[in-house]
Amino acid sequence: RPGYRHMLPTVAIAAAAATAAGSCGATASPIIAENRLPGVPATEWDVNGAGSYDVQGFATRGSVLPGARVHFKIAMAHEETLRVDIYRLGWYGGDGARKVGEATLVDVRAASRQPPCVKTEPEAELWDCGNWDDVAVFDVPPDATSGLYFARAVLPDPLGRGDPRGTWRADASRHKYDRQHVMLGRDVLLPPMEGRHSYGAMGRNRLRNALREPRASHIWFVVRAGGDAARSLLFQTSDTTWHAYNGWGGLTTYGSFEYPFEHAPGRAAYNLSDPDHDTRRAYKRSYNTPLITRDYRAVNMPLTSEYPAIRFLERNGYDVHYATGADLAVPAPARGVLARST
């Protein structure tokens, strides 16, 4: 069951662990050279939860080889400036990720005009956003190191002025006001009035490690190993689990984690008069949707399980290459992946 895979991503050991950094011969591994490159702190590359709902997207292919082009379908709530940065997870002296480039925007206006996703199989609660237009592309360098990569779709305007109503918040929260502390006759979207408890409005209690650009979200993909060289370790991501718990469109394969409401983007209320309402779930999930799992099941997303394992393996110089669970579920890609494992 996917739910039992969150404790540790699959690392298939194809050879003895003598290829760790403690081995003299480990210098042949491209992982060691890769992690000598400068990284960037998490305040630059991370996001809050599943990221800002003002910008969400996905890659049309979850796994590619070096030299391939990755297409990103992205939706924005409002027409505004967009940037798409590309990172690779690793050790990098403890920073955790390295910026490897920036995607090319091909139709940024399409991002604010994407059509609604389609429920392609209503009986299975299967939603698909493949009808969205491509907004950006990234050409993976031919010499790219295999790894778990992500695009960070960024809206640089910290206040979201593309929203006609705006917001005073700078943390990209989708909650634009506090329902418990609204004041009769006062616009709820205004900043809190200064007082004994309005620490944020008075400039106090600022986050010590606040994200540099919080209005952003992640789009995950894997770059597999290219060339003929065989690697000692195969790291398989838990992408099937990410998507099993993904509720974009309404329901995960386990129901809704926001009961009695469905998940984004609709957040429809359950029909509580339906005797079977509490057993509703999706029976299929598409990879062609944004991933919002980290909002409510962070344990089933890369930065909880894969990330610590990747930091350990790459810090210690293991000769590792990467593939997705989907790669190993299809014979042709699986043969190519396993052929590069000693």
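In this report, we go over the structure that sits alongside the text. This structure is a prediction, so every number in the text was calculated from the model and none was measured.

Thoughts on the state of the cysteines
- The tally for this structure, following the rule as stated, stands at one disulfide.
- With a sulfur-sulfur separation of 2.0 Å, cysteine 117 is cross-linked through a disulfide to cysteine 129. Every disulfide takes its handedness from the sign of the S-S torsion; for cysteine 117 and cysteine 129 that torsion is 95°, giving right-handed. You can see cysteine 117 sitting in the loop between β7 (104–105) and β8 (118–121) and its partner cysteine 129 sitting in the loop between β9 (126–128) and β10 (134–139), a full 12 residues away along the chain. Each member of the pair, cysteine 117 as well as cysteine 129, is classed as buried.

Brief notes about the sheet that holds strand β11 (residues 147–154)
- With mixed pairing, the five strands of this open sheet are ordered in space as β3-β12-β11-β5-β6. Pairing within the sheet leaves two strands with one partner each, and these edge strands are β3 (63–64) and β6 (97–102).
- Packing against the sheet, helix α4 (residues 306–315) makes contact with β5 (83–89) and β11, and its axis sits at approximately 55° to β5.

Quick notes on the packing of aromatic side chains
- Taken as a whole, this structure holds 15 aromatic pairs when the rule is applied.
- Between tyrosine 245 and tyrosine 254 the ring centres are 4.4 Å apart and the planes differ by 15°, which places this aromatic pair in the stacked class.
- Relative accessible area serves as the criterion here: at 5%, tyrosine 245 is assigned to the buried category.
- Three or more aromatic residues joined by ring pairs form one cluster here, namely Trp45, Tyr87, Phe150, Trp220, Trp242 and Tyr307.
- Lying across the ring of tyrosine 270, arginine 280 places its NZ or CZ 5.0 Å from the centre.

Describing the sheet that holds strand β2 (residues 55–59)
- Strand order in the open sheet formed by four strands is β2-β4-β10-β7, with antiparallel pairing between adjacent strands. A strand with exactly one partner marks an edge of an open sheet, and here the two such strands are β2 and β7.
- Pairing geometry for β7 and β10, over two bridges, is antiparallel. Looking at the pairing, leucine 105 lines up with alanine 136 of β10.

Thresholds applied
Starting afresh in each chain, residues are numbered from 1 along the sequence in its written order. At least 70 in pLDDT is required for a residue's local features to be given in this predicted model, at least 80 for side-chain atom pairs to be given and counted, and no such filter applies to totals for whole chains, interfaces and linings, which use all residues. Hydrogens are left out, water is left out, and the side-chain values use all remaining heavy atoms of the structure. Only a pair of cysteine sulfur atoms within 2.5 Å counts as a disulfide in this structure description. For the purposes of this entry, the term helix denotes a DSSP run of H or I that reaches at least four residues, the term strand denotes a run of E that reaches at least two, and both are numbered from the N terminus. Relative accessibility decides the category of a residue: with a 1.4 Å probe and only protein chains considered, values under 20% of the type maximum give buried, values over 50% give exposed, and everything between is partly exposed. When DSSP finds two or more bridges between a pair of strands, those strands are recorded as paired. We call two residues in contact whenever any of their non-hydrogen atoms come within 4.5 Å of each other. Angles shown run from 0 to 180 degrees and are taken between the N-to-C directions of axes, each axis being a line fitted to C-alpha atoms and, for helices, limited to the stretch in contact. Aromatic pairs are defined between Phe, Tyr and Trp rings, using the six-membered ring for Trp, whenever the two ring centres lie within 6.5 Å; interplanar angles under 30 degrees are classed as stacked, those over 60 as edge-to-face, and all others as tilted. Look at NZ for Lys and CZ for Arg. If either is within 6 Å of the ring centre and within 35 degrees of the ring normal, a charge sits over the ring.

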